[in-house]
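Next come the chains, spelled out residue by residue.
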Amino acid sequence: MGICNIVILTGAGVSAESGLATFRGPDGLWEGHRVEDVCTPEAYLRDPALVHQFYDARRRKLGTVQPNPAHEALARLDIEWPGELLLVTQNVDDLHERAGSKRLVHMHGELVKGWCLACDERFEWAGVMGQAARCPACATEGQVRPDIVWFGEMPYEMERIEEAVRQCDLFVSIGTSGAVYPAAGFVQTARDCGATTLEVNLEPSLGSYLFDESRTGPASVLVPQWVEELLTA
């Protein structure tokens, strides 16, 4: 394929190979918690201490893992691809950044950022947050929450993402279940606008039938192979 516009969507399957738990296990729980208890605005209002404990633990875990070859290959593509490229991740970890990706959007927020509900500022955050966290912008205490898009909230930068999907020539989905909207709908939008579509997943997703090609196996193996093919074609 010659120079073209590319949109890549990544999901939990990419980070799982670095040792981070996928969003929801076969038992319906995430790290032992019901999603409804830690991933909704209502949960935060009901029990902010539990929600902060949960995300503080995820932040600690993030500090113990490293980007894997899939992250590194996507960063290489970002650096070397001469056409338009947008990497859209559903993951809240920072492994794409640590691998070197720059043309990147976190549609579900970032674990290493905080959001002050008092002044609406968003900022980098490392380590424990907890209920008493002080906003570095306005100095208010107790109004800082994880900058994570919870169920019932609007994903970030949707206009930019949807425009990129409509304009792309190649849409690639990596390590995502194809079950959570709006991301699950991107492939149909790309197809409707004439893009070629590729899925890379450990096992076929719910939306595999929508893709022109589906490659099954570990992202850490398949993504470097695909990037090499693309850059040497």
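Keep in mind it's a predicted model, so treat the numbers as computed, not measured.

(A) Highlighting the overall build of the chain. Secondary structure assignment for the chain yields nine helices and 11 strands. The C-alpha radius of gyration computed for the chain amounts to 18 Å, which stays within 12% of the reference 17 Å derived for 233 residues, consistent with globular compactness. Projected onto its principal axes, the C-alpha coordinates of the chain cover approximately 55 × 40 × 35 Å. Within the span of the chain, comprising 233 residues, buried residues form 50% of the whole. Looking at the chain alone, contacts between residues at least 24 apart form 62% of all its contacts between residues at least 6 apart. Of the roughly 10900 Å² of accessible surface on the chain, a fraction of 52% belongs to carbon and sulfur atoms.

(B) Looking closely at the packing of aromatic side chains. The final tally for this structure, using the stated rule, is five aromatic pairs. A centroid spacing of 6.2 Å and a plane angle of 40° characterise the contact between tyrosine 55 and tryptophan 150, whose relative ring orientation is tilted. One end of the pair, tyrosine 55, is in helix α4 (residues 48-62); the other, tryptophan 150, is in the loop between β8 (144-148) and α7 (158-167), with 95 residues separating them in the sequence. Taken individually, tyrosine 55 and tryptophan 150 each receive the classification buried, so the pair is uniform in this respect. A centroid spacing of 6.4 Å and a plane angle of 20° characterise the contact between phenylalanine 171 and phenylalanine 211, whose relative ring orientation is stacked. Here phenylalanine 171, found in strand β9 (residues 170-174), pairs with phenylalanine 211, found in the loop between β10 (196-201) and β11 (213-216); they are 40 residues apart in sequence, far enough to count as distant. Given the relative accessible area of 1%, phenylalanine 171 is considered buried.

(C) Highlighting the pattern of salt bridges. Scanning the model with the defined rule gives 14 salt bridges in all. Here arginine 76 makes a salt bridge to glutamate 80, at a shortest N to O gap of 3.2 Å. Within this pair, arginine 76 and its partner glutamate 80 are both found in helix α5 (residues 69-80), separated by four residues, close to a single helical turn. Judged by relative accessible area, which is 43%, glutamate 80 ranks as partly exposed. Between lysine 113 and glutamate 110 there is a salt bridge whose closest N-O contact spans 3.2 Å. Overlapping salt bridges bring together Arg76, Glu80 and Glu228 as one network.

(D) Structural context of the UniProt feature "binding site: substrate" (unreviewed entry) in the chain. Taking the numbering used here, the UniProt-annotated feature "binding site: substrate" (unreviewed entry) corresponds to Tyr55 and Arg58. By secondary structure assignment, the location of arginine 58 is in helix α4.

(E) Layout of the pairing of strand β1 (residues 6-10). Judged by how many residues are buried, β1 sits mostly within the fold: five of five residues are covered. Because side chains alternate across β1, one face comprises the buried residues Ile6, Ile8 and Thr10, and the other comprises Val7 and Leu9, equally buried. Bridging between β1 and strand β4 (residues 85-89) involves five bridges; their strand directions are parallel. Bridged to valine 7 within β4 is leucine 86. Here β1 pairs with β9 via five bridges, running parallel. When the bridges of β9 are listed, valine 7 appears paired with phenylalanine 171.

Analysis parameters
- Residues numbered from 1 in each chain as written.
- Predicted model: local features only at pLDDT ≥ 70, side-chain atom pairs only at ≥ 80, totals over all residues.
- Heavy atoms only, no water.
- Helix = DSSP H or I, 4+ residues; strand = E, 2+ residues; numbered from the N terminus.
- Rg over C-alpha atoms; globule rule 2.2 N^0.38 Å.
- Buried < 20%, exposed > 50% of the residue type's maximum accessible area, 1.4 Å probe, protein only.
- Contact = heavy atoms within 4.5 Å.
- Areas by Shrake-Rupley, 256 points an atom, 1.4 Å probe, with all protein chains shown as cover.
- Phe/Tyr/Trp six-rings, centres within 6.5 Å; stacked < 30°, edge-to-face > 60°.
- Salt bridge = Lys/Arg side-chain N within 4 Å of Asp/Glu carboxyl O.
- UniProt positions renumbered as here; feature names shortened; annotations may be inferred.
- Pairing = 2+ DSSP bridges.

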